[in-house]
Amino acid sequence: MIRNYDREEVVDFTASYMDYGVGILIRKPQRKTNVFGFLEPLTVQVWICICIATFAIGVVMFALARISPYGIDNVEPSLQFNFHNSMWFALASLMQQGTDIVPRSISSRMLGTFWWFFTLIVIATYTANLAAFLTVTRMESPIESLNDLAHQNKISYGTVKGSSLEQFFEEQGNKESPYDKLWNYMSSMDPSPMVNDVQDGYKRVKQGDYAFMWDYPVLQYQKKKNCELMTVGKPFNSKNYAFAVRKGALYQEQITLSILSLQESGELEKIRQKWFEAESLCTEDESSDESKASGLEMENVAGVFYILIIGAFLALFSACIELIWYKFFRPVAQATLNYPMDSQPKRNCSSISEKNSAAECSRSNGQTYINKPHYSDSVA
């Protein structure tokens, strides 16, 4: 039985045989797996900024290639740093890959150097965080201490109705925080968060969104038998267990001496370990709330395969569009572009006497105007 002042007035107690504190028992949070977990090392804002930076660098590289006289001069059209090649260069640099067409002007290469440095830092940071995110399983608890429990409204909490622990909260409710908030909540809520006995407390915890406060050794034993339960925070309200006897009982001293003898011989510690530190029935050590490293499972990296499959389908779709364009629309487009030059009616330039007008007429017909010398009739 727990020793306290009120009980000491009614009965006598032997020497204490075990110290204890009050613990908090909650349902173990479910581990959630994200198939796109490889995106978690960076926030959404960072990903958006990287995409915008990649597009902006491609545009600026294209502009520099057009502004600089060394960007496109003396370069074959197929090797010019056009908009398509600029965007491909920015994307390939971000993926730590190279391209066949590179910038030629000094200004473009200077920008490319700073872009490479930027991608180097981003990739190194992402790789370092990715290893931690994929190999460490995080089990985040909604509460970590008694203060967290008092300053939240999502999880209900209580203890056994009419117990000494309820009396403790009632006595401390007007003295100090966080006990005042805890007691105000437990005494004013309707329906009451209190339970009739310990088993009812376990049942409410298993249902979720409920924290049960009781003797810490008992809760430690219970969570090792129920893998869905866990304790959080450090024990509080430290007290001790002892045997209660009637006032003036002659055997009180004999029991006290026996307890002290068992403590000195180590037998009492063996008994405590046998019943309160029994081997857990769970497959993992639930006594630790810290993150644990584990091997990567399929659900951790499934998003990468999804991205690869989506990319393959997009590439196939793009190939079909290119084939349709090349077979059907490209000949029509070429014929449309050549139509005005070939089908335009030619002007009769023989009737035009002026030299400049005749030259313009010949060029409009696709002919070369030859300025023949004019001989007068007298010379003839």
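Preceding this paragraph is the structure being described.
Residues numbered from 1 in each chain as written. Predicted model: local features only at pLDDT ≥ 70, side-chain atom pairs only at ≥ 80, totals over all residues. Heavy atoms only, no water.

(A) Molecular detail of the pattern of salt bridges. All told, the structure shown has two salt bridges when counted by the stated rule. Among the salt bridges present, the one from aspartate 12 reaches lysine 247, with a minimum N-O distance of 3.3 Å. Here the residue aspartate 12 occupies a position in strand β1 (residues 12-13), and lysine 247 occupies one in the loop between β7 (244-245) and α11 (252-265), the gap between them amounting to 235 residues. Here lysine 247 falls in the partly exposed class, since its relative accessible area comes to 43%. Put simply, lysine 270 and glutamate 267 hold a salt bridge, and the shortest N to O gap is 3.9 Å. One end of the pair is lysine 270 and the other is glutamate 267, both in helix α12 (residues 267-276) and three residues apart, which spans about a single turn. For lysine 270, a relative accessible area of 53% translates into the label exposed. Owing to a relative accessible area of 36%, glutamate 267 belongs among the partly exposed residues under this scheme. (Salt bridge = Lys/Arg side-chain N within 4 Å of Asp/Glu carboxyl O. Helix = DSSP H or I, 4+ residues; strand = E, 2+ residues; numbered from the N terminus. Buried < 20%, exposed > 50% of the residue type's maximum accessible area, 1.4 Å probe, protein only.)

(B) Looking closely at the sheet that holds strand β5 (residues 210-215). Taken in spatial order, the four strands of this open sheet run β4-β5-β2-β6, and their pairing is mixed. One side of each edge strand has no neighbouring strand; the edge strands of this open sheet are β4 (156-158) and β6 (229-241). Ignoring which end each strand starts from, the neighbouring axes of this sheet average 20° apart. Summarising the sheet, strand β2 (residues 18-27) and β6 pair through eight bridges and their orientation is antiparallel. Across the sheet, arginine 27 pairs through a bridge with leucine 229, a residue of β6. Sitting on the sheet, helix α10 (residues 216-225) touches β2, β5 and β6, and the angle it makes with β2 is about 50°. (Pairing = 2+ DSSP bridges. Axes fitted to C-alpha atoms, helices over the stretch in contact; angles between N-to-C directions. Contact = heavy atoms within 4.5 Å.)

(C) Here's a closer look at the layout of surface pockets. One number sums up the size of the second largest pocket: a volume of about 430 Å³. Taken together, Leu42, Trp47, Ile50, Cys51, Thr54, Leu91, Leu94, Met95, Val122, Ile123 and Tyr126 form the lining of the second largest pocket. Considered class by class, the residues forming the lining of the second largest pocket number ten nonpolar, one polar and no charged. (1 Å grid on protein atoms, 1.4 Å probe; cavity = no way out; pocket = protein on both sides within 12 Å on 5 of 7 lines; lining within 4 Å. Points joined across faces, edges and corners; volume = space filled by probe spheres on them. Nonpolar A, V, L, I, M, F, W, Y, C, P; charged D, E, K, R; others polar.)

(D) How the structure looks around a nonpolar patch on the surface. A cluster of nonpolar side chains, contributed by Phe36, Leu39, Tyr306, Ile307, Ile309, Ile310, Phe313 and Leu314, occupies part of the molecular surface with about 770 Å² of accessible area. Look at phenylalanine 36 and you get partly exposed, because its relative accessible area is 32%. (Patch = residues over 30% accessible without salt bridge, like charges linked within 9 Å, V, L, I, M, F, W, Y side chains within 5 Å. Areas by Shrake-Rupley, 256 points an atom, 1.4 Å probe, with all protein chains shown as cover.)

(E) Molecular detail of the packing of aromatic side chains. According to the stated counting rule, one finds 14 aromatic pairs in the structure shown. Measuring from centroid to centroid gives 6.2 Å for phenylalanine 169 and tyrosine 179, while their planes differ by 50°, and the two rings are tilted. One end of the pair, phenylalanine 169, is in helix α7 (residues 164-172); the other, tyrosine 179, is in helix α8 (residues 179-188), with ten residues separating them in the sequence. Overall, the relative accessible area of 12% leaves tyrosine 179 in the buried class. (Phe/Tyr/Trp six-rings, centres within 6.5 Å; stacked < 30°, edge-to-face > 60°.)

Keep in mind these numbers describe shape, not what the thing actually does.
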